[in-house]
Amino acid sequence: MAMHMFQTLIDILKKNPKKIVFTEGTDPRILEASARLLAGTWLTPVLVGNPDAVHAAAEEAGFNIRGAIIVDPETYPRMDEMVSTMVELRKGKMSPEECRAALSKANYFGTMLVKLGEADALLGGATYSTADTVRPALQLIKTKPGHSIVGSCFILVREGVGGNTVLAMGDCAINIKPTEDELVEIAIGTAECAKIFGIDPQVAFLSYSTKGSGKGEDVDKMREAAKKAKAARPDLAIEGELQFDAAVSPKVAETKCHGLPVAGHANTFIFPDINAGNIGYKIAQRLGSFDAYGPILLGLNAPINDLSRGCNAQEVYSMAIITAALA
């Protein structure tokens, strides 16, 4: 990961150290990342699992995890309190027995540790699906005031001579066909996230049309969403609908949409649906040599993020720092 950007996040944590829950406490990738984090003093891993099993796995993989907090759902002293809190949060949708059963699973248990203030953030999904990380977060942590959905964004970084190119893209992972209002939430969340990574967000709502050059309901959706986002956040630089070339190339912008300040200089991209978003960020990653960090979940009351099941220890380490810095 680009060192400069990374250092900024570590500096945030040094001023205010945090604790991060890992739901898969015996996974060698998690243990390796934890050992690296423990070499600093600004982020403490909270590993969910049986202490003997966690220590045995660390020993076997050769990682020193002295200083990590290990919490076992089976022996957790505040379990009764956790169950009653969860019953309350689920508002009659789950019985105490169902809540206790859910909390025996690491994804629910870990999320509840964050809810109870035992940790500041959570990173899961090395062996869980995205849905298994997001569902407990939605049910227990819930969305921030003014947010009706959880969105997501990727931060893309390419190191270059004289500095890094850093971009933000949303939503490439969670919402399949977002509505206009959901796109507004995704755009604002992505722009706010971009700021943490040192991006001055120039937000483009992307389409196959630039300012009316193409027709269709998908074009209308992006135009209206851009208009609503501008109205909701006049302080942000937002434009749409734009084709990708008009969004990033000053020359094309000059021809297609002369005089629009964001056009030609966009660095924060809002896609019309998950097809475009997922394909778009992967093209940048695979053909444009960008490193992709994410998905970073947006709109929750506490930072909870999801790893891809194909992740390595370096990605766990990077995502842990990103997640905790958002807390």
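See the structure above.
Keep in mind that what you see is a predicted model, and the values were worked out from it rather than measured.

### Structural notes on the sheet that holds strand β11 (residues 304-306)
Strand pairing in a sheet relies on backbone hydrogen bonds, with the paired strands running either antiparallel or parallel.
At step 1: What the five strands build is an open sheet, ordered β3-β2-β1-β4-β11; its pairing is parallel. In this open sheet, the two edge strands, each paired with only one partner strand, are β3 (69-71) and β11. When the angles between neighbouring strand axes are averaged without regard to direction, this sheet yields 25 degrees.
At step 2: Of the pairings in the sheet, the one linking strand β4 (residues 121-124) to β11 comprises three bridges and is parallel in character. When the sheet's bridge partners are listed, Leu123 is paired in β11 with Asn305.
At step 3: Helix α6 (residues 106-115) rests against β1 (18-22), β2 (43-48), β3, β4 and β11 of the sheet, and its axis sits at about 140 degrees to β2.
At step 4: Helix α13 (residues 313-325) rests against β1, β2, β4 and β11 of the sheet, and its axis sits at about 155 degrees to β4.

### Focus on the packing of aromatic side chains
At step 1: Tallying each qualifying case throughout the model produces four aromatic pairs.
At step 2: Between Phe6 and Tyr317, the ring centres sit 5.8 Å apart and the planes meet at 65 degrees, which makes this aromatic pair edge-to-face. With Phe6 in helix α1 (residues 3-15) and Tyr317 in helix α13, this pair connects stretches of sequence that are 311 residues apart. Here Phe6 matches Tyr317 in class, with each residue buried.
At step 3: A ring pair is formed by Phe154 and Tyr281, whose centres lie 3.8 Å apart and whose planes are at 15 degrees; its orientation type is stacked. On the criterion of sequence distance, the pair formed by Phe154 in strand β5 (residues 151-160) and Tyr281 in helix α12 (residues 274-287) is long-range, its members being 127 residues apart.
At step 4: Residue classification places Phe154 among the buried positions, given a relative accessible area of 4%.
At step 5: Note that Arg36 overlies the ring of Tyr317, its terminal NZ or CZ placed 3.8 Å from the centroid.

### Re the sheet that holds strand β9 (residues 268-270)
At step 1: Overall, mixed pairing links the six strands, which are arranged β8-β7-β9-β6-β5-β10 in an open sheet. For this open sheet the edge positions go to β8 (237-242) and β10 (291-298), each flanked by a neighbour on one side alone. Neighbouring strand axes in the sheet, compared pairwise and without regard to direction, differ in orientation by 20 degrees on average.
At step 2: In terms of strand pairing, strand β6 (residues 163-170) meets β9 through three bridges, oriented parallel. Considered in β9, the bridge of Ala168 is made with Thr268.

Calculation notes
- Residues numbered from 1 in each chain as written.
- Predicted model: local features only at pLDDT ≥ 70, side-chain atom pairs only at ≥ 80, totals over all residues.
- Heavy atoms only, no water.
- Pairing = 2+ DSSP bridges.
- Helix = DSSP H or I, 4+ residues; strand = E, 2+ residues; numbered from the N terminus.
- Axes fitted to C-alpha atoms, helices over the stretch in contact; angles between N-to-C directions.
- Contact = heavy atoms within 4.5 Å.
- Phe/Tyr/Trp six-rings, centres within 6.5 Å; stacked < 30°, edge-to-face > 60°.
- Buried < 20%, exposed > 50% of the residue type's maximum accessible area, 1.4 Å probe, protein only.
- Lys NZ or Arg CZ within 6 Å of the ring centre and 35° of its normal.

Geometric values such as these leave the question of function open.
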